[in-house]
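Results of the structural survey
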Amino acid sequence: MGETGIIGGTSSLVREPVVDAFAGLRAPRRAAQARAMGMYPFFKAMARHSGGTVVVDGEQYVLTGSNDYLGLTQDERVRQAARAAVDDFGMSCSGSRFLTGTLELHETLEAELADFLGKESALVFSAGFLSTASAVSTLGGQRNVLYFDRENHASLIDGSRLKANRPRRFEHNDAADLERLLKEDEGLPGGRVVYTEGVFSMSGHIGAIPEVVEVAQRYGARVVCDDAHATGVLGPRGEGSHVHFDLTDDVDVVAGTFSKAFASVGGFLAGTADVIDYVKHTARLLIFSTALPAPNIAASLAALRIIRSEPEHREQMWSKVDFMRQNLLGLGFDLLGSNSPIIPVLVGDESTAFQFWRGLWDEKVFATPAVPPAVPDGRSLIRTSFNSAHAPEHLERTLEAFEKVGRALRVIS
Ligand code: PMP
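Residues numbered from 1 in each chain as written. Predicted model: local features only at pLDDT ≥ 70, side-chain atom pairs only at ≥ 80, totals over all residues.

1. Comments concerning the domain arrangement of the chain
Domain annotation for the chain reports domain 1 (32–63 + 311–408) and domain 2 (74–309). Here the C-alpha centroids of domain 1 and domain 2 sit 27 Å apart. Of the residues lining the interface, 18 residues belong to domain 1; the matching set on domain 2 comes to 12 residues. If one sorts the elements of the side of domain 1 that touches domain 2 by residue count, strand β11 (residues 342–348) sits on top with three residues. Within the side of domain 1 that touches domain 2, the residues separate by chemical class into 10 nonpolar, six polar and two charged. (Domains from an automatic or database assignment. Contact = placed C-beta atoms within 7 Å. Helix = DSSP H or I, 4+ residues; strand = E, 2+ residues; numbered from the N terminus. Nonpolar A, V, L, I, M, F, W, Y, C, P; charged D, E, K, R; others polar.)

2. What to know about unusual backbone geometry
Each neighbour pair has its own omega, and for P372 with P373 the value is 10°, a cis peptide bond. Its location among the elements puts P373 in the loop between β13 (368–370) and β14 (380–385). The backbone of R410 shows a phi angle near 60°, a positive value even though the residue is not glycine. Following the sequence through the fold, R410 ends up in the segment after α15 (392–408).

3. Thoughts on the confidence of the model for the chain
Close reading of the predicted structure is inappropriate where its pLDDT is low. When pLDDT is averaged along the chain, the result is 94; 96% of the residues meet or exceed 70. Here the predicted complex carries an ipTM of 0.98, next to a pTM of 0.94. (pLDDT = per-residue confidence, 0-100.)

4. Some thoughts on the nonpolar core
Soluble globular proteins: nonpolar side chains tend toward being buried together. Formed by 112 residues in total, the largest nonpolar core has its most connected members in A122, L269, A298 and A303. The greatest single-element share of this core, amounting to 10 residues, is contributed by helix α12 (residues 294–309). When residues are assigned to domains, this core turns out to be shared by domain 1 (32–63 + 311–408) and domain 2 (74–309), each giving three or more. Beyond its immediate chain neighbours, meaning those up to four positions away, A122 contacts E110, L113, A114, L117, F268, L269, A270 and I276. (Core = buried A, V, L, I, M, F, W, Y, C linked by C-beta atoms within 7 Å. Buried ≥ 20, exposed ≤ 12 C-beta atoms within 10 Å, placed from the backbone.)

5. Quick look at the sheet that holds strand β6 (residues 166–170)
What the seven strands build is an open sheet, ordered β4-β10-β9-β8-β7-β5-β6; its pairing is mixed. Each edge of the open sheet carries a strand with a single partner, namely β4 (121–125) and β6. Each strand of the sheet is rotated relative to its neighbour by a mean of 20°, with strand direction disregarded. Judged from the five bridges that link them, strand β7 (residues 192–197) and strand β8 (residues 222–226) form a sheet pairing that is parallel. Bridging from a neighbouring strand, V193 pairs with R222 of β8. Each of β4, β5 (145–149), β7, β8, β9 (253–257) and β10 (267–271) is contacted by helix α5 (residues 128–137), which is oriented at about 40° to β10, the strand it contacts most. (Pairing = 2+ DSSP bridges. Axes fitted to C-alpha atoms, helices over the stretch in contact; angles between N-to-C directions.)

6. A closer look at the sheet that holds strand β3 (residues 59–63)
Sheet architecture is open: four strands sit in the order β1-β2-β3-β12, paired in mixed fashion. The open sheet terminates on both sides in strands that have one partner only, identified here as β1 (48–50) and β12 (365–366). Pairing of β3 with β12 involves two bridges; the strand directions are parallel. Its bridge partner lying in β12, L63 is registered against F366.

7. Looking at the pairing of β14
Of all six residues in β14, six are buried; the element is thus mostly enclosed. Residues S380, I382 and T384 line one face of β14 and the alternating positions L381, R383 and S385 line the opposite face, and both faces are buried. Pairing of β13 with β14, which is carried by three bridges, proceeds in the antiparallel orientation. Bridging across to β14, P369 finds its partner in I382.

In C-alpha coordinates, the structure reads:
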(Lines give C-alpha, C1' and ligand atoms only; values in the text may rest on other atoms or scores of the structure.)
Protein backbone atom coordinates (compact mmCIF):
# COMPACT_ATOMS: atom_id res chain seq x y z
CA MET A 1 0.00 0.00 0.00
CA GLY A 2 1.33 3.48 -0.87
CA GLU A 3 1.70 6.31 1.63
CA THR A 4 -1.59 7.92 0.68
CA GLY A 5 -3.37 4.66 1.45
CA ILE A 6 -2.30 4.91 5.09
CA ILE A 7 -2.60 8.65 5.71
CA GLY A 8 -5.01 10.22 3.32
CA GLY A 9 -6.57 7.48 1.14
CA THR A 10 -10.14 6.24 1.34
CA SER A 11 -9.15 3.54 3.84
CA SER A 12 -7.82 6.10 6.35
CA LEU A 13 -9.49 6.12 9.79
CA VAL A 14 -8.78 9.85 10.35
CA ARG A 15 -10.81 11.73 7.77
CA GLU A 16 -10.24 15.40 6.98
CA PRO A 17 -13.55 17.34 6.83
CA VAL A 18 -14.58 18.29 3.30
CA VAL A 19 -14.21 22.02 2.80
CA ASP A 20 -16.39 24.16 0.53
CA ALA A 21 -14.29 24.34 -2.62
CA PHE A 22 -15.83 27.73 -3.50
CA ALA A 23 -15.46 29.31 -0.05
CA GLY A 24 -13.69 32.65 -0.17
CA LEU A 25 -13.51 32.84 -3.95
CA ARG A 26 -13.34 36.53 -4.85
CA ALA A 27 -11.71 38.65 -7.53
CA PRO A 28 -8.09 39.47 -6.53
CA ARG A 29 -7.78 42.17 -3.84
CA ARG A 30 -6.08 44.51 -6.34
CA ALA A 31 -9.19 44.42 -8.51
CA ALA A 32 -11.44 45.28 -5.55
CA GLN A 33 -9.14 48.16 -4.53
CA ALA A 34 -9.02 49.51 -8.09
CA ARG A 35 -12.83 49.38 -8.31
CA ALA A 36 -13.21 51.20 -4.98
CA MET A 37 -10.88 53.97 -6.18
CA GLY A 38 -12.62 54.41 -9.55
CA MET A 39 -9.43 53.16 -11.22
CA TYR A 40 -10.72 49.93 -12.71
CA PRO A 41 -10.06 49.83 -16.47
CA PHE A 42 -11.15 46.29 -17.29
CA PHE A 43 -14.36 44.82 -18.77
CA LYS A 44 -15.56 48.27 -19.89
CA ALA A 45 -18.88 47.74 -21.64
CA MET A 46 -19.27 49.68 -24.88
CA ALA A 47 -22.68 50.74 -26.11
CA ARG A 48 -21.41 51.48 -29.63
CA HIS A 49 -18.26 50.63 -31.54
CA SER A 50 -17.39 52.38 -34.74
CA GLY A 51 -13.78 51.49 -35.44
CA GLY A 52 -11.73 54.40 -34.10
CA THR A 53 -14.21 55.42 -31.40
CA VAL A 54 -16.54 53.78 -28.88
CA VAL A 55 -19.38 54.99 -26.65
CA VAL A 56 -19.24 54.10 -22.94
CA ASP A 57 -21.85 55.44 -20.49
CA GLY A 58 -23.07 57.88 -23.13
CA GLU A 59 -19.61 59.41 -23.75
CA GLN A 60 -17.49 58.99 -26.86
CA TYR A 61 -13.88 57.80 -26.44
CA VAL A 62 -11.04 57.33 -28.91
CA LEU A 63 -10.29 53.61 -28.77
CA THR A 64 -6.63 52.67 -28.80
CA GLY A 65 -5.37 49.13 -28.35
CA SER A 66 -7.94 47.43 -30.58
CA ASN A 67 -6.71 44.58 -32.78
CA ASP A 68 -8.88 45.66 -35.72
CA TYR A 69 -5.68 46.68 -37.52
CA LEU A 70 -7.17 47.30 -40.95
CA GLY A 71 -10.47 48.74 -39.74
CA LEU A 72 -12.34 45.96 -41.55
CA THR A 73 -14.85 45.25 -38.75
CA GLN A 74 -16.78 48.21 -40.17
CA ASP A 75 -16.35 47.32 -43.85
CA GLU A 76 -19.75 46.92 -45.48
CA ARG A 77 -18.61 43.96 -47.59
CA VAL A 78 -17.50 42.05 -44.48
CA ARG A 79 -20.76 42.81 -42.69
CA GLN A 80 -22.83 41.88 -45.71
CA ALA A 81 -21.01 38.55 -46.08
CA ALA A 82 -21.82 37.75 -42.45
CA ARG A 83 -25.50 38.74 -42.90
CA ALA A 84 -25.86 36.53 -45.97
CA ALA A 85 -24.27 33.58 -44.15
CA VAL A 86 -26.72 33.98 -41.25
CA ASP A 87 -29.56 33.82 -43.76
CA ASP A 88 -28.14 30.71 -45.40
CA PHE A 89 -26.90 28.74 -42.39
CA GLY A 90 -28.18 30.34 -39.18
CA MET A 91 -25.96 31.12 -36.24
CA SER A 92 -24.42 27.80 -35.23
CA CYS A 93 -22.90 24.73 -36.85
CA SER A 94 -24.25 22.77 -33.85
CA GLY A 95 -21.51 20.18 -34.09
CA SER A 96 -17.74 19.81 -34.15
CA ARG A 97 -15.72 19.96 -37.34
CA PHE A 98 -14.99 16.25 -36.83
CA LEU A 99 -18.64 15.19 -36.82
CA THR A 100 -21.58 17.23 -38.05
CA GLY A 101 -20.16 20.79 -38.06
CA THR A 102 -18.00 21.12 -41.20
CA LEU A 103 -19.45 23.37 -43.90
CA GLU A 104 -18.18 23.80 -47.44
CA LEU A 105 -17.51 27.38 -46.33
CA HIS A 106 -14.87 26.14 -43.84
CA GLU A 107 -13.09 24.33 -46.65
CA THR A 108 -13.31 27.31 -49.02
CA LEU A 109 -11.74 29.52 -46.37
CA GLU A 110 -9.04 26.90 -45.69
CA ALA A 111 -8.16 26.58 -49.38
CA GLU A 112 -7.98 30.35 -50.00
CA LEU A 113 -6.04 30.90 -46.81
CA ALA A 114 -3.46 28.20 -47.60
CA ASP A 115 -2.98 29.72 -51.05
CA PHE A 116 -2.60 33.22 -49.55
CA LEU A 117 -0.07 32.06 -46.95
CA GLY A 118 1.94 30.01 -49.44
CA LYS A 119 1.28 26.76 -47.55
CA GLU A 120 -0.10 23.44 -48.80
CA SER A 121 -2.95 23.24 -46.36
CA ALA A 122 -4.78 25.14 -43.61
CA LEU A 123 -7.18 24.20 -40.83
CA VAL A 124 -9.76 26.54 -39.30
CA PHE A 125 -10.54 26.52 -35.55
CA SER A 126 -13.28 28.28 -33.54
CA ALA A 127 -10.82 30.63 -31.85
CA GLY A 128 -7.25 31.78 -32.30
CA PHE A 129 -6.50 30.51 -28.80
CA LEU A 130 -7.58 27.01 -29.80
CA SER A 131 -5.41 27.00 -32.92
CA THR A 132 -2.26 28.29 -31.26
CA ALA A 133 -2.69 26.00 -28.23
CA SER A 134 -3.22 23.08 -30.63
CA ALA A 135 0.03 23.95 -32.39
CA VAL A 136 1.68 22.97 -29.11
CA SER A 137 -0.60 20.20 -27.85
CA THR A 138 -0.45 18.26 -31.13
CA LEU A 139 2.83 19.26 -32.79
CA GLY A 140 4.70 19.41 -29.49
CA GLY A 141 4.72 15.61 -29.36
CA GLN A 142 5.20 13.57 -26.21
CA ARG A 143 8.93 13.03 -26.53
CA ASN A 144 9.96 16.35 -28.04
CA VAL A 145 11.72 19.26 -26.40
CA LEU A 146 9.88 22.56 -26.92
CA TYR A 147 11.45 26.02 -26.92
CA PHE A 148 9.35 29.09 -26.13
CA ASP A 149 10.24 32.75 -26.37
CA ARG A 150 9.76 34.35 -22.93
CA GLU A 151 7.19 36.71 -24.44
CA ASN A 152 5.12 33.97 -26.11
CA HIS A 153 1.35 34.34 -25.76
CA ALA A 154 -0.57 32.54 -22.98
CA SER A 155 -2.23 30.23 -25.52
CA LEU A 156 1.13 28.71 -26.50
CA ILE A 157 2.16 28.31 -22.87
CA ASP A 158 -1.20 26.78 -21.93
CA GLY A 159 -0.92 24.47 -24.96
CA SER A 160 2.23 23.03 -23.44
CA ARG A 161 0.29 22.20 -20.27
CA LEU A 162 -1.96 19.94 -22.33
CA LYS A 163 0.96 17.68 -23.07
CA ALA A 164 3.62 16.11 -20.85
CA ASN A 165 6.46 17.47 -22.92
CA ARG A 166 9.48 19.47 -21.86
CA PRO A 167 9.01 23.22 -22.28
CA ARG A 168 12.10 25.43 -22.17
CA ARG A 169 12.11 29.22 -22.48
CA PHE A 170 14.66 31.32 -24.32
CA GLU A 171 15.21 35.05 -23.83
CA HIS A 172 12.84 37.14 -25.87
CA ASN A 173 13.79 37.39 -29.56
CA ASP A 174 17.26 36.06 -28.67
CA ALA A 175 18.44 33.43 -31.15
CA ALA A 176 21.79 33.13 -29.33
CA ASP A 177 19.98 32.11 -26.15
CA LEU A 178 17.87 29.65 -28.13
CA GLU A 179 21.09 28.18 -29.50
CA ARG A 180 22.50 27.88 -25.95
CA LEU A 181 19.47 25.74 -24.96
CA LEU A 182 19.56 23.62 -28.11
CA LYS A 183 23.25 22.97 -27.53
CA GLU A 184 22.68 22.05 -23.88
CA ASP A 185 20.04 19.54 -24.99
CA GLU A 186 22.24 17.83 -27.58
CA GLY A 187 22.03 14.11 -26.99
CA LEU A 188 18.50 14.21 -25.53
CA PRO A 189 16.06 11.95 -27.35
CA GLY A 190 13.10 13.28 -29.35
CA GLY A 191 12.56 16.09 -31.83
CA ARG A 192 12.69 19.82 -31.19
CA VAL A 193 10.07 22.48 -31.87
CA VAL A 194 10.66 26.22 -31.50
CA TYR A 195 7.72 28.59 -30.92
CA THR A 196 8.00 32.25 -31.81
CA GLU A 197 5.72 35.07 -32.94
CA GLY A 198 5.53 37.38 -35.95
CA VAL A 199 4.59 40.38 -33.78
CA PHE A 200 4.70 40.06 -29.98
CA SER A 201 1.46 41.18 -28.43
CA MET A 202 2.81 43.21 -25.49
CA SER A 203 6.14 44.70 -26.63
CA GLY A 204 5.03 45.08 -30.26
CA HIS A 205 8.42 43.71 -31.37
CA ILE A 206 8.56 42.04 -34.76
CA GLY A 207 9.91 38.52 -34.21
CA ALA A 208 13.57 37.77 -35.00
CA ILE A 209 12.34 35.12 -37.44
CA PRO A 210 15.43 34.91 -39.73
CA GLU A 211 17.78 34.43 -36.76
CA VAL A 212 15.48 31.94 -35.01
CA VAL A 213 14.96 29.92 -38.20
CA GLU A 214 18.70 29.85 -38.93
CA VAL A 215 19.54 28.47 -35.47
CA ALA A 216 16.58 26.06 -35.46
CA GLN A 217 17.55 24.58 -38.81
CA ARG A 218 21.16 24.04 -37.73
CA TYR A 219 19.89 21.97 -34.78
CA GLY A 220 17.23 20.07 -36.73
CA ALA A 221 14.37 21.88 -34.96
CA ARG A 222 11.00 22.73 -36.50
CA VAL A 223 9.65 26.28 -36.26
CA VAL A 224 6.07 27.29 -35.45
CA CYS A 225 5.19 30.98 -35.66
CA ASP A 226 2.14 32.54 -34.02
CA ASP A 227 1.23 35.28 -36.48
CA ALA A 228 -1.90 36.46 -34.65
CA HIS A 229 -0.74 40.10 -34.86
CA ALA A 230 1.20 39.73 -38.12
CA THR A 231 -1.26 38.32 -40.66
CA GLY A 232 -2.73 41.24 -42.61
CA VAL A 233 -0.03 43.48 -41.13
CA LEU A 234 3.35 42.19 -42.40
CA GLY A 235 4.32 40.92 -45.85
CA PRO A 236 3.84 42.52 -49.27
CA ARG A 237 0.13 41.61 -49.32
CA GLY A 238 -0.32 41.02 -45.59
CA GLU A 239 0.62 37.33 -45.76
CA GLY A 240 2.48 37.56 -42.46
CA SER A 241 5.99 37.35 -41.03
CA HIS A 242 7.14 34.25 -42.95
CA VAL A 243 6.54 35.99 -46.30
CA HIS A 244 7.75 39.37 -44.98
CA PHE A 245 11.14 37.74 -44.26
CA ASP A 246 11.08 35.64 -47.45
CA LEU A 247 10.98 32.45 -45.34
CA THR A 248 7.69 31.05 -46.63
CA ASP A 249 8.84 27.42 -46.55
CA ASP A 250 11.29 27.75 -43.65
CA VAL A 251 8.65 28.59 -41.06
CA ASP A 252 7.13 25.12 -40.85
CA VAL A 253 3.75 26.03 -39.38
CA VAL A 254 1.96 29.37 -39.25
CA ALA A 255 -0.64 29.78 -36.50
CA GLY A 256 -3.04 32.68 -36.62
CA THR A 257 -6.36 34.21 -35.83
CA PHE A 258 -9.31 35.83 -37.59
CA SER A 259 -9.98 38.09 -34.61
CA LYS A 260 -7.54 40.84 -35.52
CA ALA A 261 -6.85 42.06 -39.10
CA PHE A 262 -9.51 39.61 -40.36
CA ALA A 263 -12.23 41.46 -38.41
CA SER A 264 -14.00 38.32 -37.24
CA VAL A 265 -13.27 35.54 -34.78
CA GLY A 266 -11.67 32.08 -35.17
CA GLY A 267 -8.17 30.77 -35.74
CA PHE A 268 -6.06 28.66 -38.09
CA LEU A 269 -2.95 26.57 -38.57
CA ALA A 270 -1.20 26.28 -41.93
CA GLY A 271 1.59 23.98 -43.06
CA THR A 272 2.19 20.88 -45.15
CA ALA A 273 -0.82 18.72 -46.03
CA ASP A 274 0.48 15.84 -43.86
CA VAL A 275 1.05 17.95 -40.77
CA ILE A 276 -2.34 19.67 -41.06
CA ASP A 277 -4.11 16.36 -41.61
CA TYR A 278 -2.39 15.02 -38.49
CA VAL A 279 -3.57 18.01 -36.46
CA LYS A 280 -7.08 17.61 -37.87
CA HIS A 281 -7.28 14.11 -36.42
CA THR A 282 -5.55 14.73 -33.09
CA ALA A 283 -6.39 18.26 -31.89
CA ARG A 284 -8.78 17.78 -28.99
CA LEU A 285 -9.50 21.54 -28.98
CA LEU A 286 -10.88 21.11 -32.51
CA ILE A 287 -12.52 17.70 -32.24
CA PHE A 288 -14.37 18.35 -28.98
CA SER A 289 -15.47 21.91 -29.72
CA THR A 290 -18.25 23.29 -31.94
CA ALA A 291 -17.15 24.50 -35.37
CA LEU A 292 -16.69 28.16 -36.24
CA PRO A 293 -20.14 29.57 -37.19
CA ALA A 294 -20.95 30.48 -40.80
CA PRO A 295 -21.16 34.29 -40.35
CA ASN A 296 -17.65 34.32 -38.89
CA ILE A 297 -16.28 32.17 -41.69
CA ALA A 298 -17.96 34.34 -44.32
CA ALA A 299 -16.68 37.55 -42.68
CA SER A 300 -13.12 36.14 -42.54
CA LEU A 301 -13.32 35.08 -46.18
CA ALA A 302 -14.52 38.54 -47.24
CA ALA A 303 -11.74 40.14 -45.17
CA LEU A 304 -9.13 37.80 -46.69
CA ARG A 305 -10.17 38.81 -50.22
CA ILE A 306 -10.02 42.51 -49.27
CA ILE A 307 -6.61 42.11 -47.60
CA ARG A 308 -5.20 40.36 -50.69
CA SER A 309 -6.47 42.86 -53.20
CA GLU A 310 -6.53 46.24 -51.41
CA PRO A 311 -3.12 47.18 -49.97
CA GLU A 312 -4.40 50.67 -49.14
CA HIS A 313 -5.82 49.51 -45.78
CA ARG A 314 -2.40 48.30 -44.69
CA GLU A 315 -0.69 51.40 -46.06
CA GLN A 316 -3.07 53.68 -44.14
CA MET A 317 -2.52 51.70 -40.97
CA TRP A 318 1.27 51.96 -41.25
CA SER A 319 1.17 55.69 -41.93
CA LYS A 320 -0.96 56.26 -38.80
CA VAL A 321 1.20 53.94 -36.73
CA ASP A 322 4.41 55.67 -37.88
CA PHE A 323 2.88 59.08 -37.11
CA MET A 324 1.95 57.99 -33.58
CA ARG A 325 5.28 56.29 -32.92
CA GLN A 326 7.28 59.35 -34.00
CA ASN A 327 5.12 61.75 -31.99
CA LEU A 328 5.08 59.64 -28.82
CA LEU A 329 8.87 59.25 -29.06
CA GLY A 330 9.12 63.01 -29.69
CA LEU A 331 7.23 63.64 -26.43
CA GLY A 332 9.88 61.58 -24.63
CA PHE A 333 8.02 58.31 -24.01
CA ASP A 334 9.84 54.96 -23.95
CA LEU A 335 8.07 52.68 -26.46
CA LEU A 336 10.25 49.60 -25.74
CA GLY A 337 11.60 49.62 -29.29
CA SER A 338 8.23 48.63 -30.80
CA ASN A 339 8.28 48.48 -34.59
CA SER A 340 4.72 47.30 -35.24
CA PRO A 341 1.14 48.65 -34.90
CA ILE A 342 1.29 47.65 -31.20
CA ILE A 343 2.89 50.56 -29.37
CA PRO A 344 3.45 50.00 -25.64
CA VAL A 345 4.06 53.16 -23.60
CA LEU A 346 6.22 52.44 -20.55
CA VAL A 347 4.91 54.25 -17.47
CA GLY A 348 6.64 52.53 -14.51
CA ASP A 349 4.97 51.02 -11.46
CA GLU A 350 1.50 49.54 -11.29
CA SER A 351 -0.08 52.45 -9.46
CA THR A 352 1.23 54.93 -12.05
CA ALA A 353 -0.25 52.74 -14.77
CA PHE A 354 -3.71 52.88 -13.18
CA GLN A 355 -3.43 56.64 -12.64
CA PHE A 356 -2.28 57.04 -16.23
CA TRP A 357 -5.25 55.04 -17.46
CA ARG A 358 -7.59 57.22 -15.38
CA GLY A 359 -6.00 60.43 -16.69
CA LEU A 360 -6.46 59.28 -20.28
CA TRP A 361 -10.02 58.20 -19.55
CA ASP A 362 -10.82 61.68 -18.24
CA GLU A 363 -9.50 63.04 -21.56
CA LYS A 364 -11.85 60.66 -23.43
CA VAL A 365 -9.11 58.31 -24.57
CA PHE A 366 -9.60 54.60 -23.93
CA ALA A 367 -6.26 52.78 -23.54
CA THR A 368 -5.76 49.86 -21.18
CA PRO A 369 -2.81 49.26 -18.85
CA ALA A 370 -0.70 46.11 -18.72
CA VAL A 371 0.52 45.45 -15.17
CA PRO A 372 2.32 42.55 -13.37
CA PRO A 373 2.17 39.58 -13.77
CA ALA A 374 1.57 40.35 -17.48
CA VAL A 375 4.72 42.52 -17.42
CA PRO A 376 7.77 42.56 -15.06
CA ASP A 377 7.58 44.63 -11.82
CA GLY A 378 8.18 48.32 -12.42
CA ARG A 379 7.62 47.89 -16.18
CA SER A 380 3.88 48.56 -16.33
CA LEU A 381 2.71 50.07 -19.55
CA ILE A 382 -0.22 51.47 -21.45
CA ARG A 383 -0.71 49.21 -24.44
CA THR A 384 -1.83 51.18 -27.47
CA SER A 385 -2.31 50.25 -31.08
CA PHE A 386 -3.49 52.34 -33.99
CA ASN A 387 -5.25 51.36 -37.15
CA SER A 388 -6.63 52.58 -40.42
CA ALA A 389 -9.99 53.49 -38.81
CA HIS A 390 -8.44 56.30 -36.70
CA ALA A 391 -9.15 59.75 -38.12
CA PRO A 392 -6.43 62.45 -37.76
CA GLU A 393 -8.42 64.16 -34.98
CA HIS A 394 -8.49 60.89 -33.00
CA LEU A 395 -4.72 60.68 -33.19
CA GLU A 396 -4.30 64.35 -32.20
CA ARG A 397 -6.62 63.92 -29.22
CA THR A 398 -4.67 60.84 -28.12
CA LEU A 399 -1.31 62.64 -28.36
CA GLU A 400 -2.60 65.64 -26.39
CA ALA A 401 -3.94 63.33 -23.68
CA PHE A 402 -0.68 61.38 -23.46
CA GLU A 403 1.31 64.60 -23.20
CA LYS A 404 -0.93 66.06 -20.48
CA VAL A 405 -1.10 62.90 -18.36
CA GLY A 406 2.55 61.99 -18.97
CA ARG A 407 3.70 65.38 -17.67
CA ALA A 408 1.30 65.39 -14.71
CA LEU A 409 2.55 61.97 -13.57
CA ARG A 410 6.18 62.86 -14.42
CA VAL A 411 6.55 59.96 -16.82
CA ILE A 412 7.90 62.57 -19.24
CA SER A 413 9.45 65.88 -18.32
N1 PMP B 1 -1.86 34.51 -30.11
C2 PMP B 1 -1.58 35.79 -29.79
C3 PMP B 1 -0.19 36.30 -29.95
C4 PMP B 1 -2.60 36.63 -29.32
O5 PMP B 1 -2.33 37.90 -29.00
C6 PMP B 1 -3.92 36.11 -29.19
C7 PMP B 1 -5.09 36.94 -28.67
N8 PMP B 1 -4.87 38.20 -28.34
C9 PMP B 1 -4.15 34.77 -29.53
C10 PMP B 1 -3.10 34.01 -29.98
C11 PMP B 1 -5.52 34.17 -29.39
O12 PMP B 1 -6.34 34.62 -30.42
P13 PMP B 1 -7.93 34.80 -30.25
O14 PMP B 1 -8.13 36.04 -29.43
O15 PMP B 1 -8.38 34.99 -31.65
O16 PMP B 1 -8.47 33.60 -29.58
